[in-house]
Amino acid sequence: MMNENIKLEKEYSISPETFREGYLAYQKKFVLKMQYIFMAIFLVLAADMLYAAIKDPSNKLSYVLLFVCLAFAFRCWYNPRKARKEMSSTFAEMGQQVYRLRVCETCAEISTVSSAPVVEAVTEDGETEAEELPEPSKIPFNQDFSLEETESAFLLISGKEMFYIVPKAEMSPQELEIMRNMGK
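This is a predicted model, so every value here is computed, not measured.

*Asks:* Pulling in residues and values, what's your account of the pattern of salt bridges?
*Replies:* Tallied over the entire structure, the rule returns nine salt bridges. Close ionic contact of Glu175 with Lys10 constitutes a salt bridge, the shortest N to O distance being 3.4 Å. Taken together, the residues Glu175 in helix H4 (residues 173–180) and Lys10 in strand E1 (residues 8–12) connect sequence positions 165 residues apart. The exposure classification of Glu175 matches that of Lys10, with both residues buried. Note that Glu109 is salt-bridged to Arg102, the shortest N-O span being 3.2 Å. When salt bridges with common partners are traced through the structure, they connect Glu9, Glu11, Arg100, Arg102 and Glu109 into a single cluster.

Set out below in structure tokens:
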């Protein structure tokens, strides 16, 4: 991070429940609306196919298309829930990791401080070397940045692809206010 004035520096860990809540907030913002629109379209098409099947019972294609439309509607409803369950279980399997958040005037930086299981790799020379922690992620406060607040966490979103969950549990009222004013 540049030599900027650091407004907040905080180490934290995320509980599986907080991760689940944060991921749901992310899905509500970017995924669920479109899935519900597609689900409604498939249900309307299914109703039309049902009407066609009742009107002409010998039309076998309308039964097939009715089943296909219902299957796609179910898929639109089920896939976000399945993704949330898989992401939450994967996060829980990772164990408790400690992260560091730094908030400055123009950006936020999130880095991994420690990882629960230390993995060591053996090189060809027979030497062991510890796994290095990933580089910090920098989140600039630009037009792609948005901040969502849930009951137990803040969701820092950069674009539509990258999001970070920061729990509120151990924050003071001053730190909460700094978080709410990020990017403003």
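*Asks:* So what about the sheet that holds strand E9 (residues 162–167)? Which residues, and what values?
*Replies:* Across the sheet, which stays open at both edges, the three strands sit in the order E7-E8-E9 with antiparallel pairing between neighbours. Each end of this open sheet is capped by a strand with a single partner; those strands are strand E7 (145–149) and E9. Averaged over all neighbouring strand pairs, the angle between strand axes comes to 20°, with direction disregarded. Helix H1 (residues 16–30) contacts E7, strand E8 (153–158) and E9 of the sheet and is inclined by roughly 140° relative to E9.

*Asks:* Before we move on, could you go through the nonpolar core and cite the residues and values that matter?
*Replies:* Formed by 29 residues in total, the largest nonpolar core has its most connected members in Leu101, Ile110, Leu156, Val166, Met179 and Met182. Elements supplying a minimum of two residues to this core: E1, H1, strand E2 (98–103), strand E3 (107–114), E8, E9 and H4. For this core, the leading source of residues is E8, giving five residues. Filtering out sequence-adjacent residues up to four positions away, Met182 remains in contact with Val103, Ala108, Phe141, Phe145 and Leu156.

*Asks:* How would you summarise the packing of aromatic side chains if you had to cite specific residues and measurements?
*Replies:* Counted under the stated rule, the structure contains eleven aromatic pairs. On the numbers, 5.6 Å between centres and 10° between planes, the contact of Phe74 with Tyr78 is stacked. With Phe74 and Tyr78 both in helix H3 (residues 60–94) and four residues apart, this pair spans about one turn of that helix. One aromatic cluster in this structure is built from Phe19, Tyr23, Tyr26, Phe30, Phe91 and Phe163.

*Asks:* Can you explain the pairing of E3? Please cite residues and give values.
*Replies:* Each regular strand displays side chains that alternate between the two surfaces of the sheet. Among the eight residues of E3, six are classified as buried, and the element is accordingly described as predominantly covered. Relative to E3, E2 is paired through six bridges, and the arrangement is antiparallel. Counted as the bridge partner of Tyr99 is Thr112 from E3. Taking the residues that link successive antiparallel strands as the turn, the E2-E3 hairpin has three residues. In this structure, E3 lies alongside strand E6 (residues 137–140), joined through four bridges in antiparallel fashion. The residue bridging Cys107 from the neighbouring strand is Pro140, located in E6.

Calculation rules
- Residues numbered from 1 in each chain as written.
- Predicted model: local features only at pLDDT ≥ 70, side-chain atom pairs only at ≥ 80, totals over all residues.
- Heavy atoms only, no water.
- Salt bridge = Lys/Arg side-chain N within 4 Å of Asp/Glu carboxyl O.
- Helix = DSSP H or I, 4+ residues; strand = E, 2+ residues; numbered from the N terminus.
- Buried < 20%, exposed > 50% of the residue type's maximum accessible area, 1.4 Å probe, protein only.
- Pairing = 2+ DSSP bridges.
- Axes fitted to C-alpha atoms, helices over the stretch in contact; angles between N-to-C directions.
- Contact = heavy atoms within 4.5 Å.
- Core = buried A, V, L, I, M, F, W, Y, C linked by side-chain atoms within 4.5 Å.
- Phe/Tyr/Trp six-rings, centres within 6.5 Å; stacked < 30°, edge-to-face > 60°.

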